[in-house]
Structures are given as structure tokens and as C-alpha cells.
Amino acid sequence: MSLYDDAVLVLKGYEGQEELRQAYLDHLAAHPDGMWKACGAGHITASALVIDPSRGRVLLTLHRKLRMWLQMGGHCEPEDTSLEAAALREATEESGITGLVLLPGGPVRLDRHPIPAPCHWHLDVQYAVVAPPGAVQEISDESLDLRWFGYDEVADVADESVVRLLKAARARL
């Protein structure tokens, strides 16, 4: 199965955010290249919030280009076999933590946000991953910083999209 086909199946099975979910499906139907960064009309991305539920905290990255505290994530790559695999790869690469485990049940949220030209939109499919006990993060080239924040600290450092993602991930836990 192609990554495109996986994305369509994942989105068809996603419950909630019906209008946005349909917008993602419509985008893919109109853009066979809608999984890739080269699609100028926008493209699907995959991200994952790294959670340490035993300590009530999440790991956020200070994004190098955007200079914002965000969850790990980014563009799908040709070697990704599924959206879950892309989200897990991105979380592992950007956090430096091995042994991350996806929360069951598929995506936690969808979040569409504008990005600078030449592309126009990121259509982010958001997952959550649990860090193993004693996980030690390692900063990547894509980050200015990498830091654990208590659940109650996230709203003070991150935007509403991250706050909504945390709320949905905690409900899933």
C-alpha cells in the first residue's frame, strides 16, 4: 500500500473534526502529490507529541525556523510506509529518544496551518507517543532547544494548537 493510500484510509477512519477531515480528503483527491512537500497547494505532514505520563510532562522542540515550541514532526518521506511510521520517525529523529511507542487508536488530532510560500498549507496529522522510562532526549539540527514541560506549563510556552493536541492526547491516555 502506498503512503497516499494509507493516508486516505487513516483519514476515512478518523473520528472527529469532520469538516477538517473532509478537507484533508478533498485535498488528497484533488492533488495526487498532496503527500509531498513539493505540492504547492499544501501537503500532509505527520507529527507526534512526546509524552511522559508517569511524570506529567511533554517534550517540545524550539523549532529552528519558526522559533516556536512545538511537538516533533514534519514532512513525509518516500521511505515512510504509513502516516504512523512518518510520525514515529519524526518524533524519534527530533527527540533523539529510541523506544517511543505510539498511543493506540490512530491520530489524536488534525491541525491545518498556513506556511510561507511557495507552499500554502500544512495539513498535519497529529499522533502522540509515550517515552520509555528514563528517556534522555538529544537535540537535533532542526531544533534550537529541546525541553520537557509539565502539562500545566504548556499553555505558557506553546500556541493553542499544541495545547489542543496535549488535551486530546491526555484524553486518549
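This text goes with the structure placed above it.
Here's a quick rundown of the structure. No experiment lies behind these values; they were computed from the predicted model shown.

Overview of the pattern of salt bridges
Reasoning step 1: A full pass over the atoms with the stated rule returns seven salt bridges.
Reasoning step 2: Put simply, Arg 89 and Glu 90 hold a salt bridge, and the shortest N to O gap is 3.2 Å. Here Arg 89 matches Glu 90 in class, with each residue buried.
Reasoning step 3: Overlapping salt bridges bring together Asp 80, Arg 89, Glu 90 and Glu 93 as one network.

Some words on helix α3 (residues 83-95)
Reasoning step 1: Between the first and last C-alpha of α3 there are 18 Å, a value that for 13 residues agrees with the 18 Å anticipated at 1.5 Å per step.
Reasoning step 2: When α3 is considered as a whole, its buried residues turn out to be Leu 83, Ala 86, Ala 87, Arg 89, Glu 90, Ala 91, Glu 94 and Ser 95.
Reasoning step 3: Of the surrounding elements, those touching the buried residues of α3 are α1 (3-13), β1 (43-52), β2 (57-63), β4 (72-75), β7 (121-130) and β8 (143-150).
Reasoning step 4: Gly 96 sits one or two positions beyond α3 and adopts a positive phi of about 75 degrees.

Side note on the environment of Ala 135
Reasoning step 1: Tracing the sequence through the fold places Ala 135 in the loop between β7 and β8.
Reasoning step 2: Sequence spacing of Ala 135 and Thr 98 is 37 residues, and the spatial spacing of their C-alpha atoms is 8.0 Å.

So, the side chain of Arg 21
Reasoning step 1: Along the polypeptide, Arg 21 turns up in helix α2 (residues 18-30).
Reasoning step 2: One polar contact links the side chain of Arg 21 to the main-chain carbonyl oxygen of Leu 11, over a distance of 3.3 Å.
Reasoning step 3: At a separation of 2.9 Å, a polar atom in the side chain of Arg 21 contacts the side chain of Glu 18.

The rules behind each value
- Residues numbered from 1 in each chain as written.
- Predicted model: local features only at pLDDT ≥ 70, side-chain atom pairs only at ≥ 80, totals over all residues.
- Heavy atoms only, no water.
- Salt bridge = Lys/Arg side-chain N within 4 Å of Asp/Glu carboxyl O.
- Buried < 20%, exposed > 50% of the residue type's maximum accessible area, 1.4 Å probe, protein only.
- Helix = DSSP H or I, 4+ residues; strand = E, 2+ residues; numbered from the N terminus.
- Expected span 1.5 Å × (residues − 1).
- Contact = heavy atoms within 4.5 Å.
- Polar contact = N/O pair within 3.5 Å; in protein donor to acceptor, adjacent residues only side chain to side chain.

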